[in-house]
Amino acid sequence: MGGTESSISEPGSPSNNRESETSRQNLSECKVWRNPLNLFRGAEYRRYTWVTGKEPLTYYDMNLSAQDHQTFFTCDTDFLRPSDTVMQKAWRERNPPARIKAAYQALELNNDCATAYVLLAEEEATTIVDAERLFKQALKAGETIYRRSQQCQHQSPQHEAQLRRDTNVLVYIKRRLAMCARKLGRIREAVKIMRDLMKEFPPLTMLNIHENLLESLLELQAYADVQAVLAKYDDISLPKSAAICYTAALLKTRTVSDKFSPETASRRGLSTAEINAVEAIHRAVEFNPHVPKYLLEMKSLILPPEHILKRGDSEAIAYAFFHLQHWKRIEGALHLLQCTWEGTFRMIPYPLEKGHLFYPYPSCTETADRELLPSFHHVSVYPKKEIPFFIHFTAGLCSSTAMIAFLTHQFPEIMGVFAKAVLGFSCLQPRHPQFLSKTHKI
């Protein structure tokens, strides 16, 4: 996942080393991540389709999810348990009714098949309440299987692989239960589940559970706890995200936004706290320049995809979809963002070549976002390719000349009359008043 293919060229060659470095950079730029706050297919995505008749998920996005499910929920020892063998085929099935049917077949073979309950909760449940009920059944079965795998983990490499798979299943179930509690208004319960997960399974940081925790703490308005989470994860050695950068900007904006006034700031200058807030906004905008238009409601939101491209339009949609309410809750935060966010682009006049606080903006985001986002969404592009005025003027002049030539060739008599009328009209225009006065005096 996110790895690079081995090179068959000579390792000592400088040109080959440069090529491998370039390929690694391109892969890291275009790496697609699982959306930490992805919605439920049955209870949310499908309900949207029922109401609007539009498909919110692309085939590419769903195909990536199928690969994730096979990575998380299957292992080499599935053939030892018939129910797991059925579920292995279910995760590869493209047709949703066929997947659901396979999940029921797995439950007939083993009533404690946790992954079967997971599939039904994700895809068959039409409400969050139903999904939570199925995830609780999955948790009961998953904990039993996990304890059994812990006891046998040192017997063979196959048992170790089985423990990793059962760990992934258990973490996934608990995380989705936390998200159900968050959606149903039991926010403190959701926060407790997420904190326990992060303590019990610290190696699984690539799942970005801290982003779920940040959103829930912001809903509780526990800003000190949010700052504590940022202090741990907003580190130079860890991958950044729009959630981390914009949450850090929101906390610094919160201290000055209620009293901020552009007119006052232009007269007396910015205070230290205001400078820190503006710099945090510029940092966030440099990381993902698409977010402000969604927060300021200059662009309409859609349902976020199941996968996102960091620094791309897909990540901006996923962030704004859940965090817009937190910006609105803080008085003046959006006003300060509106006054300052465009100043970022003065610091990075050539974002594709050189960045300020981050690497240059990746050039592959537009292509990847078009694969991840539905066709009815107008993908945000950065930086926009502006055509100079001279090119517009030249194109318009050539087009008008070509049109006049075509009309003259097709209708010579009519165009001759039209030309005489235009010349006659120009000759009949009154002369300049000063010229007329001088002529009268003479």
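Residues numbered from 1 in each chain as written. Predicted model: local features only at pLDDT ≥ 70, side-chain atom pairs only at ≥ 80, totals over all residues. Heavy atoms only, no water.

### With respect to the overall build of the protein
The helix and strand tally for the protein stands at 22 helices and two strands. Here the protein holds 442 residues, and the buried ones make up 45% of them. Long-range contacts, defined as pairs at least 24 residues apart, comprise 69% of the intrachain contacts of the protein with a sequence gap of at least 6. With an accessible surface of roughly 25300 Å², the protein has 57% of that area assigned to carbon and sulfur atoms. (Helix = DSSP H or I, 4+ residues; strand = E, 2+ residues; numbered from the N terminus. Buried < 20%, exposed > 50% of the residue type's maximum accessible area, 1.4 Å probe, protein only. Contact = heavy atoms within 4.5 Å. Areas by Shrake-Rupley, 256 points an atom, 1.4 Å probe, with all protein chains shown as cover.)

### Quick look at the pattern of salt bridges
Taken as a whole and judged by the stated rule, the model has 21 salt bridges. R165 is the salt-bridge partner of D166, the closest N and O atoms lying 2.9 Å from each other. The shortest N-O distance in the salt bridge between R370 and E366 comes to 2.8 Å. Of this pair, R370 and E366 both sit in helix α19 (residues 365-372), separated by four residues, roughly a single helical turn. R370 sits in the partly exposed class, given a relative accessible area of 48%. We classify E366 as partly exposed; its relative accessible area is 31%. Through salt bridges with shared partners, a single network forms among R41, R99, E123 and E306. (Salt bridge = Lys/Arg side-chain N within 4 Å of Asp/Glu carboxyl O.)

### A look at helix α4 (residues 82-92)
Because each turn of an α-helix spans 3.6 residues, side chains separated by three or four positions in sequence point in the same direction. Restricting attention to buried positions, one finds in α4 the residues S83, D84, V86, M87, A90 and W91. Relative to the axis of α4, the buried residues are bounded by an arc of 155° and lie together on one face. Facing away from the buried surface of α4 by more than 90 degrees, the exposed residues are P82, K89 and R92. On its buried side, α4 packs onto α3 (59-73), α5 (96-109), α6 (114-123) and α8 (157-183). (Arc of directions from axis to C-beta.)

### Observations regarding the confidence of the model for the protein
Looking at the protein as a whole, the pLDDT averages 84, with 86% of positions reaching at least 70. At the level of individual helices and strands, the protein shows its lowest average pLDDT in helix α1 (residues 14-29), which scores 45, and its highest in helix α16 (residues 313-329), which scores 96. (pLDDT = per-residue confidence, 0-100.)

### Brief notes about unusual backbone geometry
Phi at Q221 is positive, roughly 60°, even though this residue is not glycine. Along the chain, the position of Q221 falls in the loop between α10 (209-220) and α11 (223-233). Look at Q221 and you get partly exposed, because its relative accessible area is 45%. Of note in the backbone geometry, E297 takes a positive phi value of approximately 60° without being a glycine.

### Topic: the packing of α8 against helix α9 (residues 187-200)
For the pair α8 and α9, the least separation of the axes is 7 Å and the interaxial angle reads 160°. When the interaxial angle is binned, α8 and α9 end up roughly antiparallel. In the packing of α8 onto α9, the handedness of the crossing is left-handed. Together, V171, K174, R175, L177, A178, A181 and R182 of α8 and I187, E189, A190, I193, M194, L197 and E200 of α9 make up the contact between the two elements. The class makeup of the residues in the contact of α8 with α9 is nine nonpolar, no polar and five charged. (Axes fitted to C-alpha atoms, helices over the stretch in contact; angles between N-to-C directions. Parallel < 35°, antiparallel > 145°, perpendicular 65-115°, else oblique. Left-handed = near helix turned anticlockwise from the far one by under 90°. Nonpolar A, V, L, I, M, F, W, Y, C, P; charged D, E, K, R; others polar.)

### Considerations on the packing of α11 against helix α12 (residues 242-254)
Where α11 contacts α12, the two axes come as close as 11 Å, and the packing angle between them is 135°. Between α11 and α12, the angle falls in the class oblique. α11 and α12 meet at a crossing whose hand is left-handed. In this structure, α11 uses Y223, V226, Q227, L230 and Y233 to contact α12, whose residues at the interface are I244, T247, A248, L251 and R254.

### Some remarks on α12
Under the 1.5 Å per step criterion, the end-to-end length of α12 is 18 Å for 13 residues, consistent within 8% with the ideal 18 Å. Burial of α12 is extensive: eleven of the 13 residues sit out of reach of the surface. Along α12, the positions that sit buried rather than exposed are A242, A243, I244, C245, Y246, T247, A248, A249, L250, L251 and T253. In this fold, the buried residues of α12 make contact with α10, α11, α14 (272-287), α15 (291-295), α16 and α17 (333-340). (Expected span 1.5 Å × (residues − 1).)

### Some words on the side chain of N288
Looking at the element boundaries, N288 is found in the loop between α14 and α15. A relative accessible area of 0% places N288 in the buried class. A distance of 3.0 Å separates a polar side-chain atom of N288 from the backbone nitrogen of H290. With residues near it in sequence (within four places) discarded, N288 still touches A242, Y246, R311, G312, E315 and A316. (Polar contact = N/O pair within 3.5 Å; in protein donor to acceptor, adjacent residues only side chain to side chain.)

### A look at the nonpolar core
Taken as a class, soluble globular proteins show a tendency for nonpolar side chains to be buried jointly. Counting residues in each nonpolar core, the largest one holds 97 residues, and the members touching the most others are M87, F135, I173, Y246, L295 and W327. Of the residues forming this core, the biggest block, ten residues, is contributed by α8. If sequence neighbours within four positions are ignored, F135 has contacts with F40, V118, A121, E122, Y172, I173, R176, L177 and C180. Judged by nonpolar contacts, the second largest core, of six residues, contains L37, L39, Y45 and L303. (Core = buried A, V, L, I, M, F, W, Y, C linked by side-chain atoms within 4.5 Å.)

### As for the packing of aromatic side chains
In the structure shown here, the tally under the stated rule is eleven aromatic pairs. Arranged with centres 5.4 Å apart and planes meeting at 40°, the rings of Y246 and Y319 form a pair that is tilted. Of this pair, Y246 sits in helix α12 while Y319 sits in helix α16, and the two are 73 residues apart along the sequence. Taken as a pair, Y246 and Y319 share a single burial class, namely buried. Ring-pair connections join several aromatic residues into one group, and the members of that group are F72, F73, W91 and Y172. (Phe/Tyr/Trp six-rings, centres within 6.5 Å; stacked < 30°, edge-to-face > 60°.)

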